[in-house]
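Below are the chains, spelled out letter by letter.
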Amino acid sequence: MIVDRIRVHPQLISADDQDEWPWTVPCVRALVGSGIALPAPVTFLVGENGSGKSTVVEAVAEAFGLDSYGGRGGSRYASPRGRSDLGERLRLEYTPRGLAMASGPRAGRRGFFLRAESAMRMMAEKQGRPGYWEERTDLMSHGEGFLTVFESMFRGPGLYVLDEPEAALSFTSSLRLVALLQELGRSGAQVVCATHSPILAATPDAAILEVGEHGIRPTRWQDLAIVDHWRRYLERPEAYLRHLA
Ligand SMILES: Nc1ncnc2c1ncn2[C@@H]1O[C@H](COP(=O)(O)OP(=O)(O)O)[C@@H](O)[C@H]1O
Ligand SMILES: [Mg+2]
């Protein structure tokens, strides 16, 4: 593990800030004060659209110094995206191994950030660049390309921040990603991943944080609403579909 808690010091938030985005988002507000623990080497953030998952994972990537448009850490080629309000004030509490990485030279700050909103552009821009992948992902299908990126970028101890990496992946490719994430967790790396995928969230030994109106709370895979919905939908789609008309 590299980071075991994320938090924002209350003194960094003024009374005016509290009424402004992103501090109005319950899961962001939940970070102010003692913050939340990242309980395992692989941690998933699960919650409805708009619950704040991207805001949080992007801030974690920024605070660690990963390319904030998506890409590697420790790189001179990082894109000049301004820091977000949360990224600027988010404090990562490091494990001893993480502290050595964060306080050493930039080149030692390893990891990768998959930013949901710019993932396609990142893939087109980084292919063939130093420290990225050589394969012609532009000639591959969307899903094949991303799996190739994951397989070449998920290497070694570092912080891997992923926002809905399942978007392009088939069922079988999602299982391949589960294997990659599990391997990262076992190898001393750390993964923080926002997802809607019950497949990914079932990664063995992973922790799940549920994001919503309540803020952020640890939960179990079998207690997730998405798991229940998927199970019931696959069993009897018409029970859901009749409510749409
Ligand atoms: N730059 C921004 N300025 C203002 N509001 C934003 C901005 N980015 C996201 N939001 C809002 O913050 C909330 C959380 O967004 P987001 O973190 O993208 O949610 P999720 O990734 O869980 O779907 C949403 O209501 C969204 O509309
Ligand atoms: Mg999002």
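Residues numbered from 1 in each chain as written. Chains lettered and ligands numbered in written order. Predicted model: local features only at pLDDT ≥ 70, side-chain atom pairs only at ≥ 80, totals over all residues. Heavy atoms only, no water.

## A look at the overall build of the protein
So, point 1. A tally of helices and strands in the protein yields 10 helices and 10 strands.
So, point 2. Its C-alpha atoms give the protein a radius of gyration of 18 Å, within 12% of the compact-globule value 18 Å for 245 residues.
So, point 3. Counting only C-alpha atoms and orienting by the principal axes, one finds that the protein spans roughly 55 × 50 × 30 Å.
So, point 4. The buried share of the protein, taken over its 245 residues, is 51%.
So, point 5. For the protein, long-range pairs separated by at least 24 residues make up 73% of all intrachain contacts whose partners lie at least 6 apart in sequence.
So, point 6. In the protein, 28 side chains carry a positive charge and 30 a negative one; their mean positions are 5 Å apart. (Helix = DSSP H or I, 4+ residues; strand = E, 2+ residues; numbered from the N terminus. Rg over C-alpha atoms; globule rule 2.2 N^0.38 Å. Buried < 20%, exposed > 50% of the residue type's maximum accessible area, 1.4 Å probe, protein only. Contact = heavy atoms within 4.5 Å. Lys, Arg positive; Asp, Glu negative; His and termini not counted. Charge placed at Lys NZ, Arg CZ, Asp CG, Glu CD.)

## Brief notes about the sheet that holds strand 2 (residues 36–37)
So, point 1. Pairing is antiparallel in the open sheet, where three strands are placed in the order 2-1-5. Looking along the sheet, the strands with just one partner apiece sit at the ends: strand 2 and strand 5 (90–94).
So, point 2. Against the sheet, helix 2 (residues 53–64) touches strand 1 (3–8) and strand 5, its axis set at about 65° to strand 5. (Pairing = 2+ DSSP bridges. Axes fitted to C-alpha atoms, helices over the stretch in contact; angles between N-to-C directions.)

## Quick word on a negative patch on the surface
So, point 1. On the surface, a cluster of negative charge is made up of Asp 16, Asp 19, Glu 20, Asp 85 and Glu 88.
So, point 2. Turning to its location among the elements, Asp 85 is positioned in helix 3 (residues 85–89). (Patch = residues over 30% accessible without salt bridge, like charges linked within 9 Å, V, L, I, M, F, W, Y side chains within 5 Å. Areas by Shrake-Rupley, 256 points an atom, 1.4 Å probe, with all protein chains shown as cover. Salt bridge = Lys/Arg side-chain N within 4 Å of Asp/Glu carboxyl O.)

## Observations regarding the packing of helix 6 (residues 142–153) against helix 7 (residues 171–186)
So, point 1. The interhelical angle for the contact between helix 6 and helix 7, taken along N-to-C directions, is 10°, at an axis separation of 11 Å. In terms of orientation, helix 6 lies roughly parallel with respect to helix 7. Across the interface between the two elements, Leu 147, Phe 150 and Glu 151 from helix 6 touch Ser 173, Arg 176, Leu 177 and Leu 180 from helix 7. (Parallel < 35°, antiparallel > 145°, perpendicular 65-115°, else oblique.)

## Structural notes on the site of ligand 1
So, point 1. Trp 21, Glu 48, Asn 49, Gly 50, Ser 51, Gly 52, Lys 53, Ser 54 and Thr 55 make up every residue found near ligand 1.
So, point 2. A distance of 3.3 Å separates an oxygen atom of ligand 1 from a polar atom in the backbone of Ser 51.
So, point 3. Between ligand 1 and Thr 55, the relevant distance is 2.6 Å, taken from an oxygen atom to a side-chain nitrogen or oxygen of the residue.
So, point 4. The protein chains hide 55% of the 570 Å² of surface that ligand 1 would expose on its own.
So, point 5. Across the shell around ligand 1, the residue classes break down as one nonpolar, six polar and two charged. (Near = heavy atom within 4 Å. Polar contact = N/O pair within 3.5 Å; in protein donor to acceptor, adjacent residues only side chain to side chain. Nonpolar A, V, L, I, M, F, W, Y, C, P; charged D, E, K, R; others polar.)

## Considering the sheet that holds strand 8 (residues 190–194)
So, point 1. Taken together, seven strands build an open sheet; the order of strands is 4-6-7-8-3-9-10 and the sheet is mixed. In the strand order of this sheet, the two ends are held by strand 4 (71–72) and strand 10 (215–219), each with one partner.
So, point 2. Contacts from helix 2 reach strand 3 (42–47), strand 6 (111–114), strand 7 (159–163), strand 8 and strand 9 (207–212) within the one sheet, and its direction differs from that of strand 7 by about 155°.
So, point 3. Its contacts with the sheet place helix 7 against strand 3, strand 7 and strand 8, and it is angled at close to 130° to strand 3.

## Considering the pairing of strand 6
So, point 1. Neither face of strand 6 is left uncovered, since the one carrying Gly 111 and Phe 113 and the one carrying Phe 112 and Leu 114 both have all their residues buried.
So, point 2. Two strands pair when backbone bridges link them, and strand 4 and strand 6 are joined in this way by two bridges, in the antiparallel orientation. In the sheet register, Arg 72 faces strand 6, and the bridge partner there is Phe 112.
So, point 3. Pairing of strand 6 with strand 7 involves four bridges; the strand directions are parallel. Across the sheet, Phe 112 pairs through a bridge with Tyr 160, a residue of strand 7.

## A word on the packing of aromatic side chains
Where two aromatic rings form a pair, the distance of their centres and the angle of their planes describe that pair.
So, point 1. Throughout the structure, instances matching the rule amount to seven aromatic pairs.
So, point 2. Pairing Phe 146 with Phe 150 gives two aromatic rings, centres 6.1 Å apart and planes at 40°, and the pair type is tilted. With Phe 146 and Phe 150 both in helix 6, this residue pair falls four residues apart, about one helical turn. Residues Phe 146 and Phe 150 agree in their burial class; the two are buried.
So, point 3. Ring plane angle 20° and centroid distance 5.2 Å describe the contact between Phe 150 and Phe 154, whose orientation is recorded as stacked. Taken individually, Phe 150 and Phe 154 each receive the classification buried, so the pair is uniform in this respect.
So, point 4. Through a chain of ring-to-ring contacts, the aromatic side chains of Phe 112, Phe 146, Phe 150, Phe 154 and Tyr 160 assemble into a single cluster.
So, point 5. Note that Arg 72 overlies the ring of Tyr 132, its terminal NZ or CZ placed 5.9 Å from the centroid.
So, point 6. When the ring centre of Tyr 69 is taken as reference, the NZ or CZ atom of Arg 121 above it lies at 4.9 Å. (Phe/Tyr/Trp six-rings, centres within 6.5 Å; stacked < 30°, edge-to-face > 60°. Lys NZ or Arg CZ within 6 Å of the ring centre and 35° of its normal.)

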